[in-house]
Amino acid sequence: MSGHGKQRLKATIRDIATAAGVGTATVERVLNGRGGVRPDTTEKVLAAARRLDYARRLPEQHRGVLRIEVILVRPETTFFARLSRSFERIAASLDPFVSIHRTFVDEADPGAIANRIGNPHARRSGLVLAVPQYDEVSLALKRLLRDNVPVLQIVTRLEDVETDFIGIDNEAAGRTAGQLMAALQPRQGPVLVLCHSDVYSIHRQRVRGFADALRRHNRGNLGQAEIAHTHDDPMRAAEILQDALRRSPDLAGLYNAGGGNFALCDVLRKFGSGRVTFIGHELTERTTAALRDGTMHVVIDQAPEAQARRAIDLMLSRLGVVDAKIENPSIRFVTVTTESV
């Protein structure tokens, strides 16, 4: 070590080859522009070179277009529509050499999701995705990771696949809902909990957090939560709630960890508004109206705009486009009540 401190060693072609998982001859072809290298391999080499501070030596024409694919589900839902629009706005603000392409897949078709992960329609530099938990999908994502493609999971995650995750602390959101349910409902009665199903880890986490907090904060007036799966189908959610109100006219609480709030609000306005404490997720025009008229009491919003921004910042860092280290703590969720809309 010299008097000026430890000097950082310059990256070599062998360093780049090791980081990119290719041979030194491939690196030399890419850096010298001799061609004959697949576009996806070229991008892996260039990304590795940038990460190792070799980018200053790259000819400008080698930067190429970095294509980031975002795979989402359920474009008809307000939440994923908000998330998609956020990616669209971010894309419009980026340099022309970065392209963001959004793809929607059928959440009930694991084969189609896995196929899209493994067989993109165009060259892909990185992947951001929010998809349900299926074994077939996990295997496809693990194969992609073996190819050293940067992958980020957003909103929800496949629990058996190790990648960076961008999202809120969903168990904390559920605990918040459970604590508020116990505080806001003074009368006795059972509690109904609705969620999509077991294919989304975030819903399992929310339900688990809700149940834990309800047990801890319950003053003995609220019964043990009954859990039902709606698959985020508004009609199914409405039918389950109507049936619960028929079986338990004293229903005291409703926590919806998934979608379909508008259908639940319609049922409560007709049969149980004012009696049932209703806590749900995602701030929309409809949930805002429901807060204002007292049908809903709390809405927990997971800020999809902040999640999209974090995902792109983190991906650009992984691709070597930005030098700054991007921290990735949980996105802060927002708790909205009837008094704050």
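Residues numbered from 1 in each chain as written. Predicted model: local features only at pLDDT ≥ 70, side-chain atom pairs only at ≥ 80, totals over all residues. Heavy atoms only, no water.

On to the overall build of the protein, then. Check the secondary structure of the protein and you find twelve helices and eleven strands. Taking the principal axes of the C-alpha coordinates as reference, the protein spans close to 75 × 50 × 35 Å. Within the protein, the fraction of its 341 residues that count as buried is 50%. For the protein, the accessible surface area stands at approximately 16200 Å², while carbon and sulfur atoms represent 49% of it. (Helix = DSSP H or I, 4+ residues; strand = E, 2+ residues; numbered from the N terminus. Buried < 20%, exposed > 50% of the residue type's maximum accessible area, 1.4 Å probe, protein only. Areas by Shrake-Rupley, 256 points an atom, 1.4 Å probe, with all protein chains shown as cover.)

Turning our attention to the pairing of strand β7 (residues 226-229). Sheet topology note: the strand β6 (residues 191-195)/β7 ladder contains four bridges and is parallel. The residue bridging Val-193 from the neighbouring strand is Ile-227, located in β7. Since β6 and β7 lie parallel, the crossover through helix α8 (residues 201-217) that links them has a hand, and here it is right-handed. (Pairing = 2+ DSSP bridges. Right-handed = clockwise from strand over helix to strand, strands pointing away.)

The next thing to look at is the pattern of salt bridges. Per the stated rule, a full pass over the model turns up 17 salt bridges. For Arg-82, the salt bridge identified is with Asp-301, shortest N-O distance 2.8 Å. Taken together, the positions of Arg-82 in helix α4 (residues 78-93) and Asp-301 in strand β10 (residues 298-301) put the pair 219 residues apart, joining distant regions of the chain. For Arg-82, a relative accessible area of 13% translates into the label buried. In this structure, Glu-171 and Arg-208 form a salt bridge, with 3.3 Å as the shortest nitrogen-oxygen distance. (Salt bridge = Lys/Arg side-chain N within 4 Å of Asp/Glu carboxyl O.)

It is at 8 Å that the axes of helix α5 (residues 110-118) and helix α6 (residues 135-146) come closest, and there the two elements cross at 5 degrees. Classed by the angle they form, the pair α5 and α6 counts as roughly parallel. Residues Pro-110, Gly-111, Ile-113, Ala-114 and Ile-117 of α5 pack against Glu-136, Val-137, Ala-140, Leu-141 and Leu-144 of α6. Among the residues making up the contact of α5 with α6, the classes are represented as eight nonpolar, one polar and one charged. (Axes fitted to C-alpha atoms, helices over the stretch in contact; angles between N-to-C directions. Parallel < 35°, antiparallel > 145°, perpendicular 65-115°, else oblique. Contact = heavy atoms within 4.5 Å. Nonpolar A, V, L, I, M, F, W, Y, C, P; charged D, E, K, R; others polar.)

Our focus in this paragraph is the sheet that holds strand β8 (residues 253-256). The mixed open sheet is built from six strands, whose spatial order is β7-β6-β8-β9-β10-β11. Every interior strand has two partners, whereas the edge strands, β7 and β11 (334-337), have only one. For this sheet, the mean inter-axis angle between neighbouring strands, taken without regard to orientation, is 15 degrees. The sheet contact formed by β10 and β11 spans four bridges and is antiparallel. Bridging across to β11, Ile-300 finds its partner in Thr-335.

With that settled, the discussion passes to the packing of aromatic side chains. All chains considered together, the criterion is met by two aromatic pairs. On the basis of an interplanar angle of 80 degrees and a centroid distance of 5.2 Å, the ring pair of Phe-79 and Phe-80 is categorised as edge-to-face. Per residue, the accessibility class of Phe-79 equals that of Phe-80, and both read buried. Summarising the aromatic geometry, the rings of Phe-210 and Tyr-255 are spaced 4.5 Å apart at their centres and angled 15 degrees between planes, so their arrangement reads as stacked. Of the two residues, Phe-210 sits in helix α8 while Tyr-255 sits in strand β8, which places them 45 residues apart along the sequence. In this pair, the class of Phe-210 matches that of Tyr-255, namely buried. The ring of Phe-262 has Arg-286 sitting right over it, with the charged end atom 4.3 Å from the ring centre. (Phe/Tyr/Trp six-rings, centres within 6.5 Å; stacked < 30°, edge-to-face > 60°. Lys NZ or Arg CZ within 6 Å of the ring centre and 35° of its normal.)

Considering all chains together, one arrives at zero disulfides under this definition. Take Cys-195: it sits in no disulfide, and the sulfur closest to it among the cysteines is that of Cys-265, at 18 Å. Judged by its relative accessible area of 2%, Cys-265 is buried. (Disulfide = S-S within 2.5 Å.)

Right, let's get into helix α7 (residues 170-184). Taking 1.5 Å of rise per residue, the 15 residues of α7 would be expected to cover 21 Å, and the 21 Å separating its terminal C-alpha atoms lies within 8% of that figure. Within the sequence span of α7, burial applies to Asn-170, Ala-172, Ala-173, Gly-174, Thr-176, Ala-177, Gly-178, Met-181 and Ala-182. Structurally, α7 contributes buried residues whose contacts are with α8, β8, β9 (277-281), β10 and β11. Two to three positions downstream of the cap, the backbone nitrogen of Glu-171 sits 3.3 Å from a side-chain oxygen, assigning the N-cap of α7 to Asp-169. (Expected span 1.5 Å × (residues − 1). Polar contact = N/O pair within 3.5 Å; in protein donor to acceptor, adjacent residues only side chain to side chain.)

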